[in-house]
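Residues per chain, in single letters:
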Amino acid sequence: SSVNGFELRRITLPLVSPFRTSMGVEHGRDVLLVRAVVGDAEGWGECVAMSDPHYSHEYVDGAADVIRRFLIPAAGSSDDFHLVEQRFAAVRGHPMARTAVHTALLDARLRAAGMSLGEFLGAVRPTVPAGVSVGIMDDVGELLDAVAGYLDAGYVRIKLKIEPGWDVAPVAAVRDRFGAEILLQVDANCAYTATDSARLSTLDDFGLLLIEQPFPEEDLAGHARLAASVRTPICLDESITSARVAAQAIGAGACSAVNIKPGRVGGYLEARRIHDVCAAHGVPAWVGGMLETGVGRAANAALAALPGCTLPGDISASDRYYARDITAPFVLRDGHITVPTGPGIGVDVDDAALADVTTGTEWIPV
Ligand code: OSB
Ligand code: MG
């Protein structure tokens, strides 16, 4: 079928509590949603770019610009998501913007075909274990209260955001309070350099599942040297920009676990290729998060149900971030999130909830 047009919709959702990382603090989530209208069908994609270019070069206003100026014209009127992925290859970078448009087309096509995204991707699990990413706090007491709350809620894995000055002490305190059994990992979002290697190796004492992205995105060699000198597995997030880079990183010994984020790699097709690369190398993968609304969370849950996603992902319940989501909320059941089985991403956008948080809409005919 042929695409009628795309709606770009901006929304702002308040966060239930501020989320601080080594990149800064967020109080709300400014999200760009893309709705593709294809004949009688429609599909949704979420752009995971943040307001500011701190996690990667992308930011919401820039993503909206590249979508309207380059990606929608490149896609043309085709709803063939394989063809559109090829056409998008002419645009350098901007994977989050590409993912939003591509996922909207994929969702529309799958809804029209009556197939769920999970089935399309090759999901093998009806539910996925839920991990939670815990921000940097003002003090360790506040952190322990937050972690206690998440463990009570049933989360099966805790990820602590770290940065120089907030690393060994919070990890030690969490182990001390909650014991050696809980699944615990850390994420630095590129905040360290090679001179911090000795400090990072002291984390070996705490039985962490992994250390995520300690060094800058480009520094595969630095990660490989670190991986050779610490016992804790090194996991890459920001560095993994494609399946090719994933294969190179694994081959170079830069990581022994991979965080897969569709938005960071240009969409769910490339995310599945990264999954396949990891599976072929016996490298455990897991699905990361970017504070998604129910739209992005639904799609990520489908990806997390693939066989090679053997570690719990950053796929938490909607209420970890939002008091009111724009879809029916994802809830924890026994520490797990249920993978949607309906057509496409398998969740519907609540028009009233969406209207309440909308800050702008733009219709781009094709
Ligand atoms: O590095 O995984 C990250 C949030 C925003 C940007 C980068 C990251 C994160 C998270 C939170 O860790 C993941 C989530 O709960 O959605
Ligand atoms: Mg990360």
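As the structure is a computational prediction, the values presented were derived from the model and not from experiment.

Asker: Give me the sheet that holds strand β5 (residues 131-134): which residues, what numbers.
Answerer: Pairing within the open sheet is parallel, and its seven strands lie in the order β5-β6-β7-β8-β9-β10-β11. Across the chains shown, the open sheet's two edge strands, defined by having one partner strand only, are β5 and β11 (285-287). Both strand β10 (residues 257-260) and β11 contribute to a ladder of three bridges, which runs parallel. Each bridged residue has a counterpart across the sheet, and for V258 the counterpart in β11 is A285.

Asker: Kindly report on the domain arrangement of the protein chain, identifying the contributing residues and their values.
Answerer: Domain boundaries assigned for the protein chain yield domain 1 (3-114 + 347-365) and domain 2 (118-338). If you average the C-alpha positions of domain 1 and of domain 2, the two centres end up 23 Å apart. Domain 1 puts 33 residues into the contact, and the matching count from domain 2 is 34 residues. When residues of the side of domain 1 that touches domain 2 are traced back to their parent elements, those giving at least two are β1 (3-21), β2 (24-38), β3 (41-47), α3 (95-113) and α13 (351-357). The dominant element in the side of domain 1 that touches domain 2, judged by the number of residues it contributes, is α3, at eight residues. In the side of domain 1 that touches domain 2, the residues fall into 20 nonpolar, six polar and seven charged.

Asker: Can you tell me about the site of ligand 1, naming the residues and giving the values?
Answerer: In the neighbourhood of ligand 1, the contacting residues comprise Y55, S133, D187, N189, D237, G288, G289, M290, L291, D314 and S316. Looking at side-chain class alone, the shell around ligand 1 contains three nonpolar, five polar and three charged residues.

Asker: Just give me the short version of the packing of helix α1 (residues 60-75) against α3, but keep the residues and values in it.
Answerer: Remark: α1 packs on α3, axes separated minimally by 10 Å, with the N-to-C direction vectors making an angle of 55°. Comparing their axes, α3 and α1 come out oblique. Both α1 and α3 take part in a crossing whose hand is right-handed. Along its contact with α1, which presents A63, V66, I67, L71, I72 and A75, the element α3 presents M96, A97, R98, A100 and V101. For the contact of α1 with α3, the per-class residue count stands at ten nonpolar, no polar and one charged.

Asker: Describe the environment of N259, and please don't skip the residues or the numbers.
Answerer: If you trace the backbone, N259 turns up in strand β10. N259 gets classed as buried once you count the C-beta atoms within 10 Å, which come to 26. Remark: the alpha-carbon pair of N259 and W166, spanning 93 residues in sequence, is separated by 22 Å. In this view, N259 contacts E212, C235, L236, D237, I240, W286 and G288; residues no more than four positions away in its chain are not counted.

Asker: Lay out the sheet that holds strand β13 (residues 358-365) in plain terms, naming residues and giving numbers.
Answerer: Here four strands make up an open sheet; going across it, the order is β3-β2-β1-β13 and the pairing antiparallel. The open sheet is flanked by β3 and β13, the only strands paired with a single partner. Strand-to-strand twist in this sheet, taken as the mean axis angle between neighbours without regard to direction, amounts to 20°. Direction of pairing for β1 relative to β2: antiparallel, over a ladder of 14 bridges. Within β2, the residue paired with I11 across the bridge is V31.

Calculation notes
Residues numbered from 1 in each chain as written. Chains lettered and ligands numbered in written order. Predicted model: local features only at pLDDT ≥ 70, side-chain atom pairs only at ≥ 80, totals over all residues. Pairing = 2+ DSSP bridges. Helix = DSSP H or I, 4+ residues; strand = E, 2+ residues; numbered from the N terminus. Domains from an automatic or database assignment. Contact = placed C-beta atoms within 7 Å. Nonpolar A, V, L, I, M, F, W, Y, C, P; charged D, E, K, R; others polar. Near = placed C-beta within 6 Å. Axes fitted to C-alpha atoms, helices over the stretch in contact; angles between N-to-C directions. Parallel < 35°, antiparallel > 145°, perpendicular 65-115°, else oblique. Left-handed = near helix turned anticlockwise from the far one by under 90°. Buried ≥ 20, exposed ≤ 12 C-beta atoms within 10 Å, placed from the backbone.

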